[in-house]
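# Descriptive analysis of the structure
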Amino acid sequence: MTERRRLAILLSGRGSNFEAIADAVAAGRIPNAEIAAVVSDVAQAPGLARARERGLPAHAVDRKAFPGRAAREAGILAILDRARPDLVCLAGYMRLLSPEFVGRFRGRILNIHPALLPKFPGLDAQRRALEAGEKESGCTVHFVDEGTDTGPIVLQKKVPVLPGDTEETLSARILEREHEAYPEAIARVLDEIAPTAR
Ligand code: GRF
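All figures in this text were calculated on a predicted structure; none of them were measured in a lab.

Now for the pairing of strand β2 (residues 33-40). In terms of burial, β2 is a largely internal element, seven of the eight residues being buried. Sheet topology note: the strand β1 (residues 5-11)/β2 ladder contains seven bridges and is parallel. Bridging across to β2, R6 finds its partner in E34. Remark: the β1/helix α1 (residues 16-26)/β2 crossover connection has right-handed handedness. Looking at chain direction, β2 and strand β3 (residues 58-60) are connected through three bridges and run parallel. By the bridge assignment for β3, V38 is matched with A58.

See the structure below:
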């Protein structure tokens, strides 16, 4: 039997995308995969608690214990070196990664963003889409490069922007599509990349 493909999840908050990925792994919609590590730069992140409840290896590299980006990334790398992931998935990880970190995982690190990139990269994407009078929005799963939400796109899913939408209603509509898009994109990418050397 071939070895299962290993996913590492980086998050900072709620963790609903992480849970969608974990559900998809459990249901076999991301075939032959397992979650090898869930890492958060916020010790109190609800997503980290959910990972623990699911019995997954959950690690905090807390901003207080690891002050500054270099220390934080060294802490994360030590965990990933042990987890040996085939793919690193940013799921609401709220920090910009250094070029060195990105370089270590080039072609093996994904992010999800709540807009139809290249429109509205960065923070508050849903609010800015509303303010710009967009008629549709959605989400994008993309490879991570050195820029902010600039790497090659794996897939996008669209939603309409409806009359009377607020930032909350639009965000919720997009989030539903995120939970479909991320597992789908991960399955597609795992199918295309060679396993990481163990
Ligand atoms: C999502 O909207 C995602 O697109 C963005 O951050 C949010 C994370 O939500 N990058 P959650 O923590 O996965 O619930």
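From this point, the discussion proceeds with the structure in view.
Residues I9, I21, I35, L87, L110, Y182 and I186 are the most contacted members of the largest nonpolar core, which totals 36 residues. The element that contributes the greatest number of residues to this core is helix α6 (residues 167-192), accounting for eight residues. Setting aside anything within four residues of it in sequence, one finds I9 in contact with F18, I21, I35, A37, V38, V39, C89 and A91. Membership of the second largest hydrophobic core comes to 20 residues, among which are A37, Y93, V102 and V144.

A negative phi angle characterises most non-glycine residues, just as the trans form characterises most peptide bonds. With an omega dihedral of 10°, the bond running from L117 to P118 counts as a cis peptide bond. Secondary-structure assignment places P118 in the loop between β5 (109-113) and α5 (125-131). Residues other than glycine seldom take positive phi values, yet D124 does so here, at roughly 55°. Looking at the secondary structure, you find D124 in the loop between β5 and α5.

This paragraph deals with the pairing of β1. Counting buried positions over the seven residues of β1 gives seven, a clear majority of the element. Side chains of β1 alternate between two faces, with R5, L7, I9 and L11 and R6, A8 and L10 buried alike. Where β1 meets strand β4 (residues 87-90), four bridges bridge the pair, whose relative direction is parallel. Each bridged residue has a counterpart across the sheet, and for A8 the counterpart in β4 is V88.

With that settled, the discussion passes to the sheet that holds β3. Read from one edge of the open sheet, seven strands run β3-β2-β1-β4-β5-β6-β7, paired in mixed fashion. What marks the edges here is a single partner per strand, and that holds for β3 and β7 (153-160). Strand-to-strand twist in this sheet, taken as the mean axis angle between neighbours without regard to direction, amounts to 20°. Pairing between β5 and strand β6 (residues 136-143): four bridges, direction antiparallel. Each residue of the ladder has a partner; that of L110, found in β6, is F143. The strands that helix α2 (residues 46-53) touches are β1, β2 and β3; relative to β3, the one it contacts most, it runs at about 150°. Contacting β1, β2, β4, β5, β6 and β7, α6 crosses the sheet at an angle of about 155° to β7.

Cut-offs applied
The residue numbers shown here count from 1 along each chain, following its written sequence. Totals for whole chains, interfaces and linings use every residue, but because this is a predicted model, local features are given only for residues with pLDDT of at least 70 and side-chain atom pairs only at 80 or more, for both listing and counting. Working from all heavy atoms in the structure, the side-chain values ignore hydrogens and water. Each residue gets one of three labels from its accessible area relative to the maximum for its type: buried under 20%, exposed over 50%, partly exposed in between, using a 1.4 Å probe on protein chains only. Numbering of helices and strands runs from the N terminus; a helix is a DSSP stretch of H or I covering at least four residues, while a strand is a stretch of E covering at least two. Strands qualify as paired when DSSP identifies two bridges or more between them. The crossover handedness rule: strands pointing away from the viewer, path from first strand over the helix to second strand clockwise, crossover right-handed. We call a set of buried residues a nonpolar core when its members are Ala, Val, Leu, Ile, Met, Phe, Trp, Tyr or Cys and they connect through side-chain atoms within 4.5 Å of each other. Any two residues whose heavy atoms approach within 4.5 Å are treated as being in contact. Between N-to-C directions, angles cover 0 to 180 degrees, with each direction set by a line fitted to C-alpha atoms, over the stretch in contact for helices.

The values reported here are purely geometric and, on their own, carry no functional implication.
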